[in-house]
Structures are given as structure tokens and as C-alpha cells.
Amino acid sequence: MVNKIAVIGDKDSVLAFKSLGLDVFFAETYFDIKNTLEKLAEDYAVILITEQAAEQVDELLLKYKKKCFPTVIPIPSGTGSTGYGMNCIKSDVEKAIGTDILS
Amino acid sequence: MTRLNVNATRMELSRLKARLKTATRGHKLLKDKSDEMVRRFIVLAKENRTLRREVERELIGALNGFVIAKALMPSPVLEEVLCVTDSDFKIDVSTRNIMGVEAPVFSVDDGVAYKSLSYGFASVASDFDESVETLSNVFVKLLKLAEIEKTCNMLAIEIEKNRRRVNALEFVMIPQLEETIKYITMKLDENERGNLTRLMKVKTMINGK
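In this text the structure is predicted, and so the values were computed from the model without any measurement. Counting restarts for each chain: residues are numbered from 1 in the order of the written sequence. Lettering of chains starts at A and numbering of ligands starts at 1, both following the order in which they are written. Local features in a predicted model are, by the rule used here, given only for residues with pLDDT of at least 70; side-chain atom pairs are given and counted only at 80 or more, and totals for whole chains, interfaces and linings are based on all residues.

Undergrad: Hey, could you run me through the overall build of chain B in this one?
TA: Of the regular secondary structure elements, chain B holds four helices and two strands. Each helix and strand of chain B, ordered N terminal to C terminal, gives the series α-α-β-β-α-α. Looking at chain B as a whole, 22% of its 209 residues are labelled buried. In this description, a residue-residue contact is defined by the distance between C-beta atoms placed from the backbone, which must lie within 7 Å. The long-range fraction of contacts in chain B, counting pairs at least 24 apart against all pairs at least 6 apart in sequence, stands at 87%. Helix and strand labels come from DSSP, where a helix needs a run of H or I of at least four residues and a strand needs a run of E of at least two; each type is numbered from the N terminus. Burial in this document is a count-based property: other C-beta atoms within 10 Å of a residue's C-beta are tallied, and the residue is buried at 20 or more, exposed at 12 or fewer, or partly exposed in between, with C-beta positions derived from the backbone.

This is the structure in C-alpha cells:
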């Protein structure tokens, strides 16, 4: 099984990934991000989404967490990390163990 | 704890005893499963944390370089350069089974991962070259992060589900069954005693005549 990777986010952050040959989609508003994500979820195995965008569609990402594909991963944008990705790990640990024992 | 609404018969009793046995065994198995899942999860979560920290640091470096390059180059040139690079990037996707959880595995051929810079250097800022290079180096790690993070997500959800099952068995199902079994045993014993005294009474009545 061969599959594709997509990147969603603001133009400045995601354009760089075009140089790797990934499929890049610009979306900044809530509805843009939501629609793009829903459309891409069917064809792509991995979707990289900037943390700023991920924060806006948080509840939609929860839905994809339960399924094997697509794998939606928050990445920091050009302006730096907001800590969203780290918080995701933290909440996973809290969910599984009850308290964040790793930090 | 409420007891089940069943008839106090021997048949019901043996049925409930069988159920209790299954429930206890299931509880033990699920508890073992939960322990093992948590153990694996902790290993993965630790790896996830260090990997994410690394990837974020490198990625921010690469993206910052890209922003600088973008500022130095006129945007039509930049877009032209980006159009030239090989498109249609694909990875191999398979799944593996971790404690009954289907988790994805991504792999990318080293040959595919390594991209030579396929554009003219004349009009391109050197920051751009560097950022593309860093980006393609960090990419393999990024895929690994995606794999581990997804596995963690799914394991966490599965662990939570499993814990609910264990708790339901431990605190609802098993006490309920035990109480019902006790109730039926008492009831049957009581009937037995009632029967015995009745027989004794009848016997004395017959003898006394």
C-alpha cells in the first residue's frame, strides 16, 4: 500500500514542504481548515497540520484519533511552537494512566 | 448492590455459577492485558516526547530559514522554484498489531527521501537551500513521529476502554453475580429446612396417633 502525505496550514509555514514534493493546502479560517481536512481524510495516509490550525479544529481531530488512517499530526509553524503538540501527548498520558507521570 | 431478577432454582444457580466463573476469568485476562498495554504505552510515550521535542526544534529551524529565504527572494521566483521540485511524493503504509490495536507503520525508501536540489542556484537565496536540506533530513524523523504518536493515541483510547471493561466486571458484574448466587443458595437451603421440619412434624403426628 503506497500513500500520500498532505500539509495544511498558513502559506508561510507550509510552502516549505512543497520543496519535498508533499501536497500542500493553504487554509487559515476555521471552515477552510475543516473542509480541507475532511476532504483530505479520505485520500491521504498522513496529514501534517500546523499547530495554529490544529487548535481551531480540535474536536475534529479527536474523531481521527480513534481511526488508524489518516494520521493527523500537529507540527510547529514558522513562527514557533505553541505547545499544542506537547499538550496532545500530555493528554494522551493522562487518559491512559490517569496522571501525567512522564513530565 | 442489587441482585439479579431471577428465579431461585437449582438450574438458575448452576447457570449463574458458570457465568461467575467466566466473568472472573475474563476480569483476570483483561486486567493482565491492561497492565501490558500500559507498560508498552509508557515506553512509546517517552519516545514520543523526546522525538517530538527534536523534530519541533529542527522543523522550526528549517521553517525559519525558509521565511528568511522568502523575504530575500521575489515571490514569483520562489514559486517557480517550488514548482520545479519533484512532485508526487509517496510513502509505504502498512499496519502492525499492538495488543489488538491496529497501528500504522510508515516507511520511506532512503533513495526517495534523499532529494538532490533540483533547481538553478542563480536566483535562489542560500537560506532556501539550507532549509530544504534540513527539511528533507528531518522528514524521516517526522514520519517516525507520526507513527509513534498515532500508536500512542490509539493505545491511550484502547487502555481507557479496557479499564472501563475491567471496572464494570470488577465492581458491577461480579458482585451482582455473587450476591445472586448467595441469595439463591440461602433460598434453597431455607426451602430444604422448611421441608425437613414439615416432614418431622408429619412424622410425629402419624406416630402420636
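After that view of the structure, there is still more to cover.
Undergrad: Honestly, the overall build of chain A in this entry has me stumped. Any pointers?
TA: The helix and strand tally for chain A stands at five helices and four strands. The helix and strand sequence of chain A, counted from the amino end, reads β-α-β-α-β-α-α-β-α. As a reference, a globule follows 2.2 Å times the number of residues to the power 0.38, and the radius of gyration itself is taken over C-alpha atoms. Computed over its C-alpha atoms, the radius of gyration of chain A comes to 14 Å, within 12% of the 13 Å expected for a compact globule of 103 residues. Seen through its principal axes, chain A has C-alpha atoms that stretch 40 × 35 × 25 Å. Evaluated residue by residue, chain A yields a buried proportion of 43% over its 103 residues. Restricting to contacts in chain A with at least 6 residues of sequence separation, those with at least 24 account for 56%.

Undergrad: Can you help me understand the interface of chain A and chain B in this one?
TA: When the parts of a complex come together, some accessible area is lost, and that lost area is often used as the size of the interface. Each side of the interface is counted separately: chain A has 37 residues, and chain B has 48 residues. Ranked by residue count, the leading element in the side of chain A that touches chain B is helix H5 (residues 84–97) of chain A, at eight residues.

Undergrad: Sorry if this is basic, but what is going on with the packing of helix H1 (residues 11–18) of chain A against helix H1 (residues 10–72) of chain B here?
TA: The axes of two packed helices give the description: the angle between them and the distance between them. To get an axis, a line is fitted to the C-alpha atoms, and for a helix only the part in contact is used. The angle between two axes follows their N-to-C directions and goes from 0 to 180 degrees. Relative to each other, H1 of chain A and H1 of chain B sit at 100°, their axes nearing to 9 Å. Between H1 of chain A and H1 of chain B, the crossing angle belongs to the class labelled roughly perpendicular. Mapping the contact onto sequence places Asp-12, Ser-13 and Ala-16 of chain A in H1 of chain A and Ala-62, Leu-63, Phe-66 and Val-67 of chain B in H1 of chain B. All amino acids are sorted into three groups, where Ala, Val, Leu, Ile, Met, Phe, Trp, Tyr, Cys and Pro are nonpolar, Asp, Glu, Lys and Arg are charged, and the leftover types, Gly among them, are polar. Of the residues assigned to the contact of H1 of chain A with H1 of chain B, the class counts are five nonpolar, one polar and one charged. These descriptions rest on fixed angle ranges, namely under 35 degrees for roughly parallel, over 145 for roughly antiparallel, 65 to 115 for roughly perpendicular, and the rest for oblique.

Undergrad: Just checking my understanding: could you explain the environment of Arg-52 of chain B for this structure?
TA: Note on placement: Arg-52 of chain B falls in helix H1. For the pair formed by Arg-52 of chain B and Lys-141 of chain B, sequence separation is 89 residues and the distance between their alpha carbons is 9.0 Å. When neighbours within four sequence positions are excluded, Arg-52 of chain B is seen to be in contact with Gly-85, Met-86 and Ile-89 of chain A together with Leu-145 of chain B.

Undergrad: Which parts of the structure should I look at to understand the pairing of strand S2 (residues 101–107) of chain B?
TA: The side chains of a regular strand alternate between the sheet's two faces. All names here are of chain B. Two elements, strand S1 (residues 90–98) and S2, share seven bridges in a ladder whose sense is antiparallel. Bridge pairing in S2 links Ile-98 to Val-101. At least two bridges found by DSSP between two strands are what make those strands a pair. Counting the residues between successive antiparallel strands, the hairpin from S1 to S2 contains two residues, one of them, Met-99, with a positive phi of roughly 50°.

Undergrad: Explain the packing of H5 of chain A against H1 of chain B here, please?
TA: Between H5 of chain A and H1 of chain B, whose axes approach to 10 Å, the crossing angle comes to 175°. Our classification of the angle between H5 of chain A and H1 of chain B gives roughly antiparallel. Here Gly-85, Met-86, Ile-89, Asp-92, Val-93, Ala-96 and Ile-97 of chain A of H5 of chain A lie close against H1 of chain B, whose contacting residues are Val-38, Phe-41, Ala-45, Asn-48, Arg-49, Arg-52 and Glu-56 of chain B. A breakdown of the residues in the contact of H5 of chain A with H1 of chain B according to their chemical character gives eight nonpolar, two polar and four charged.

Undergrad: Which parts of the structure should I look at to understand the confidence of the model for chain B?
TA: When pLDDT is averaged across chain B, the result is 84; 89% of the residues are at 70 or more. We note a pTM of 0.81 for the whole complex and an ipTM of 0.86 for its interfaces. Per residue, pLDDT captures the predictor's confidence, and it can take any value from 0 to 100.

Undergrad: Which parts of the structure should I look at to understand the nonpolar core?
TA: Here is a general trend for soluble globular proteins: nonpolar side chains tend to be buried in one another's company. Here, a nonpolar core denotes buried Ala, Val, Leu, Ile, Met, Phe, Trp, Tyr and Cys residues that are linked to one another through C-beta atoms within 7 Å. Counting residues in each nonpolar core, the largest one holds 43 residues, and the members touching the most others are Ile-5, Val-7, Ile-8, Val-46, Ile-47 and Leu-48 of chain A. Those elements that place two or more of their residues in this core are strand S1 (2–9), H1, helix H2 (30–40), strand S3 (44–50), helix H3 (51–56) and strand S4 (71–75) of chain A together with H1 and helix H4 (126–208) of chain B. In this structure, Leu-48 of chain A is in contact with Ile-5, Val-7, Ile-73 and Ile-75 of chain A, ignoring residues within four places of it in sequence. Core analysis: the next-biggest nonpolar cluster, separate from the first, contains 14 residues, Val-93 of chain A together with Phe-41, Leu-44 and Ala-103 of chain B among them.

Undergrad: Please explain the environment of Ala-6 of chain A as it appears in this structure.
TA: Residue and element names in this part refer to chain A. Mapped onto the secondary structure, Ala-6 falls in strand S1. Considered as a pair, Ala-6 and Leu-40 are 34 residues apart in the sequence and their alpha carbons are 7.7 Å apart. For Ala-6, the contacting residues outside a window of four places in its chain are Leu-22, Asp-23, Phe-25, Leu-40, Tyr-44 and Ile-47.

Undergrad: How do you make sense of the environment of Val-172 of chain B when you look at a structure like this?
TA: Relative to the helices and strands, Val-172 of chain B resides in helix H4. Exposure remark for Val-172 of chain B: the 12 C-beta atoms within 10 Å place this residue in the exposed category.

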